[in-house]
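The chain contents come next:
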Amino acid sequence: MNAAPLTTGGTMKRIIAGAALVAILGAMLGLSCGRKEDAVELHDWNFGGKPRMIEWLRQRIDTFEQTHRGIRVVQSQKSWNMIRELLYADFSVGTGPDVVNVHANYAAEFGGAGYYYPVNTFPDFQEVRKWFVPHLLESTRYRENYYGLPSSGIAFVLVCNKELFDREGISPPRTWSEFREAARRLTKDTDGDGIVDQYGLVLLGGDKGGFAYRLVPFFFKAGAEIMSDDLKTILFNSPEGVSALQLITDMYQVDHSITPGFLAYQLTEINDLFCSNKVAMSIEGPWFRGMVDDKSPGKKIYTVPVPVPDDRIAGYDTAATLQDMVMYSINARTKHPEQAWELLKYLRNEEADMAWIREDLGAIATTRRALESPEAKNQSDLSLYVHELGHAKPWPPHPSMIAIASDIFTPFAQKAIVGELSPREAMDQAAREAQEMIEGKK
Amino acid sequence: MKKILLLLPVALLALLVLLPFLWTVSTSLKPLTEVNRYPPEWISPTMSLKPYGDMFFYLPFSRYTLNSLIVASSATTLTLFVGSLAAFAFARFRFPGRKQILLVLLLSQMLPGASVIIPLFQLLKTAGLYDTHIGLILVHTAVLLPFVIWLLHGFFSGIPTEVEDAALIDGCSRLEALRRVILPLALPGLGATALFAFLGSWNEFFFALILTNSDATQTIPVGIGLFVGEFEDVWNQMSAAAVLFSIPPLILFMAMRRTFVRGLAAGALQ
Amino acid sequence: MRRYTPYMLLTPALLFTVFILVYPMAQNLVNSFRDVSLVREGRGWTGLLNYEHVFGDAVFWLAFRNTVVYAVAGTLLALLIGLGLALVLDVHTGKMSSVAAGLYSIPWVISPVVAGFAWKWLLNDHFGILNYWLSSAGIARHGTSWLGNPHTALFCVMVARAWQFYPFAMVMFLAGLQSIPAEQYEAASVDGASPLRKFFHITIPNLRPVSSVLLLLGVIWSFNDFNMVFVMTRGGPINASMVLPVLVREFSFVHFDLGKGSALSVLIFALLVTLSFLYLRVLARRERA
């Protein structure tokens, strides 16, 4: 009974033989692509990324391969909003990339779970650590181990569409009332057809993780905390936290100065709207200028700190925003930790970091040499980011933090903004669920 | 004249139902600066094929295409082989348990992909088949089988038993009869079924999304699916990938539509 | 020897069925009574706790309601479109009709991922062609967000899904229409029946068996459909378009709670099996009557 159809004459035979041939050829091609004689192969995953940055990275990897004979690097671009799922699926199987470039706050989650390689065990770590600004390096630490090298410092700031601000004759807001007022004035019907076609503010609502990153800066500016220092109590439902959510809720429901469709937006749509002058403000990080520049060359933007509550204006220069960082880490199960460490150092050494300064790649340098170099003065927004990073706060280093932010904090906050719950109720319910999660009840 | 009057609504309807796809084609030919233009334009002088070249920058679509070809053609071959054996058994034999087995096959027809994915994920993990072509081929074959058996059953039943009896009298065994008589007669049906299987595997997204994870195994739908909303600015490149990826199934379908439709009707209305 | 032939022929197919259905469902059943997580050590048997968690989750009830609407209303919509187009095609004959049938079938051949993307872009609030037309016609405002509005998101995904499924219905209906014996219509004409009367008294009853099969398959397939929702909205905004298959993935691969995911899987499967058996029973009874 086996292989009966294969011997049948005529067309049938040809169809099946053809299909089989394609399959075999394909498989052979696949094998030949995946193999190179005796070289150590390292897989490197990067999530998201601007064209210029990807191009730079690929060039850098090319020179790495030339200077480190016997190591081959396979670089892949992965989906930014699926980091956790993709990595967990692979890490739990014991596979996955050797080197990965994601948020530093995964140090707690993946480092704590034993998925990340503690890089402080490499003999030259004490030398390497001196390259970096100390408080940025600290973000890669969880408990006693360091789980990566800083690759880009991120502080969340307010990005303003200069053209629209100039048209209205206003300057970027510093306090919440100025912020609300500016958003209100920038929300208008520009072509006189009776329909609003320009909005004051847009928020990345379609990405559960990304939304939390854009809302929490307002919480911090208001003086709210996410968790207590001992990581045992959820605190984001404090009066300060609720007031921050109230601000955004009022702007959406009372002023109508936030784009109505923001709940569906990915970063794509934010940039589309910003570049076509349909929105005036967004909460973004260092990547945004490059995105705008790629789409609308020469478009002018202001980047300023996220506004503070009116009664905290005295602390405008010192109020914390959300600090985030991207870091390069090594998979704990890698077969080639030494080679992976070589790659890490090569991608993040001072010379590489200088390129980020010189070529304005949409990432903020993290080494002292680069930040103190004369060229640093020429990089757009760098001084603002360095200033904000000086007193920004990272997410609390709790292993469940990312899950809480995207799966509890975001949905409840969004419910408040669209009016399904009051800000107070939303934050209280979210805090209750988050508390249950950190106590291990869920 | 009357013919044209009748034709007009038919053509208009075609435009209407193809609207989403045509809009994607239009977008795939525009430069980025045109993509976000309002009011939107269907055709503009700046159109070019450039996005079709640019789309390879972010993701290795040529590698994905190769993966898709490997998986879809292997799954098709395997499904057809296993499926015709089973369909032949149902069409030509009366045996105890026939009804129960048909029922189980019917059950897997209502297979909730989401429901079986967790155990499958764990199973492939332990078998070392997670993130491999073979793993995905096996899963696709299993998913496609019930419907393929159903279709083939229809074709085989449509072939008069007398033909086969003649072969048996000539001294062939039942299996030789399948090979020498039934399969050639069912050829159009097999072609249609192969098309169905190929399309099913080529377009499949859910299992491929969860059971593959690296560039060496991921198929095009996964590449496109992950592209959505991810790489800013590039609606035109996304559209280009979507259009390019739809061309092989469209050609195949157009070439084999008649047999396919006849087969479907025969299989379904038996 | 002869007696075993059919079983031997069936063995490979059955092995695949065990692989894709029997083993996973058995494993699900076991997992659904245990605490299993991708990210930490499981705590072993927990009885009905996973089911309690599922039933206690407000998103589950929302997704359940959404899934029923999505599957039933979406399928009915697809059947209506399919029937309409089949009638149009049935009037025309020859090459023209064949070309048209081919064109009408295109949505079916396109990958769900591509279809989802195409609809998402078509519905884009500021740059989509749909809003441009609707606002030109004065029906909706330019900038209306269809996928960002919790009240319209599910409906949009449902339309996109119907768009993909109607060609299947159309093809089947067309085959059904063409198998109606011409004598029936001729006899009715002799009796002086109006076209409308003929449609309701001959066409519709003759299409009943096809419609039943289509309804059953359509509901089951849509019930299990993951692609369209995932690509277009990921279940958002704020879970407004969440459906059960996407929720299973959320439980298992976003929250990494395999136990809860398994419990939900078992529930979905049980629901589908029950529904189809009831439906088949009703059909069988009607046929006997």
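Because the structure is a prediction, the values reported are computed rather than measured.

Calculation rules
- Residues numbered from 1 in each chain as written.
- Chains lettered and ligands numbered in written order.
- Predicted model: local features only at pLDDT ≥ 70, side-chain atom pairs only at ≥ 80, totals over all residues.
- Helix = DSSP H or I, 4+ residues; strand = E, 2+ residues; numbered from the N terminus.
- Buried ≥ 20, exposed ≤ 12 C-beta atoms within 10 Å, placed from the backbone.
- Pairing = 2+ DSSP bridges.
- Core = buried A, V, L, I, M, F, W, Y, C linked by C-beta atoms within 7 Å.
- Contact = placed C-beta atoms within 7 Å.
- Nonpolar A, V, L, I, M, F, W, Y, C, P; charged D, E, K, R; others polar.
- pLDDT = per-residue confidence, 0-100.

Caption draft 1: Local environment of the overall build of chain B. Looking only at helices and strands, chain B features 14 helices and 0 strands. Each helix and strand of chain B, ordered N terminal to C terminal, gives the series α-α-α-α-α-α-α-α-α-α-α-α-α-α. Dimensions of chain B, computed from the C-alpha atoms along their principal axes, are close to 70 × 65 × 30 Å. A buried classification covers 59% of the 270 residues belonging to chain B.

Caption draft 2: Quick look at the pairing of strand E6 (residues 149-155) of chain A. Residue and element names in this part refer to chain A. For E6, a buried count of 7 out of 7 residues is recorded, marking the element as mostly surrounded by other parts of the structure. With 6 bridges connecting them, E6 and strand E11 (residues 322-330) associate as antiparallel partners. In the sheet register, Ile-154 faces E11, and the bridge partner there is Asp-324.

Caption draft 3: Quick peek at the nonpolar core. Counting 305 residues, the largest nonpolar core has Val202(A), Ala86(B), Ala118(C), Ala169(C) and Leu247(C) as the members making the most contacts within it. If one sorts the elements of this core by residue count, helix H5 (residues 61-92) of chain B sits on top with 18 residues. Sequence-distant contacts of Val202(A), defined by excluding residues within four places in its chain, comprise Ile258(A), Thr259(A), Phe262(A), Tyr265(A), Ile270(A), Leu273(A), Val279(A) and Ser282(A).

Caption draft 4: Seen up close, unusual backbone geometry. A positive phi angle is found at Asp131(B), which is not glycine, with a value near 65 degrees. With respect to the element layout, Asp131(B) can be found in the loop between helix H7 (113-127) and helix H8 (133-157). A positive phi is found at Ile238(C), a non-glycine position, where the angle reads about 40 degrees. Looking at the secondary structure, you find Ile238(C) in the loop between helix H10 (227-232) and helix H11 (244-254). According to the C-beta neighbour criterion, Ile238(C) is buried, with 23 such atoms within 10 Å.

Caption draft 5: Quick look at the interface of chain B and chain C. If you look at the interface, chain B gives 72 residues, while chain C gives 67 residues. With 14 residues, helix H14 (residues 235-268) of chain B is the single largest residue contributor to the side of chain B that touches chain C. Here the residues of the side of chain B that touches chain C are counted per class, giving 59 nonpolar, 11 polar and 2 charged.

Caption draft 6: Just the confidence of the model for chain C, in detail. Here chain C averages 87 in pLDDT, and 98% of its residues register 70 or above. Overall fold confidence (pTM) sits at 0.86, and the ipTM for the predicted complex is 0.85.

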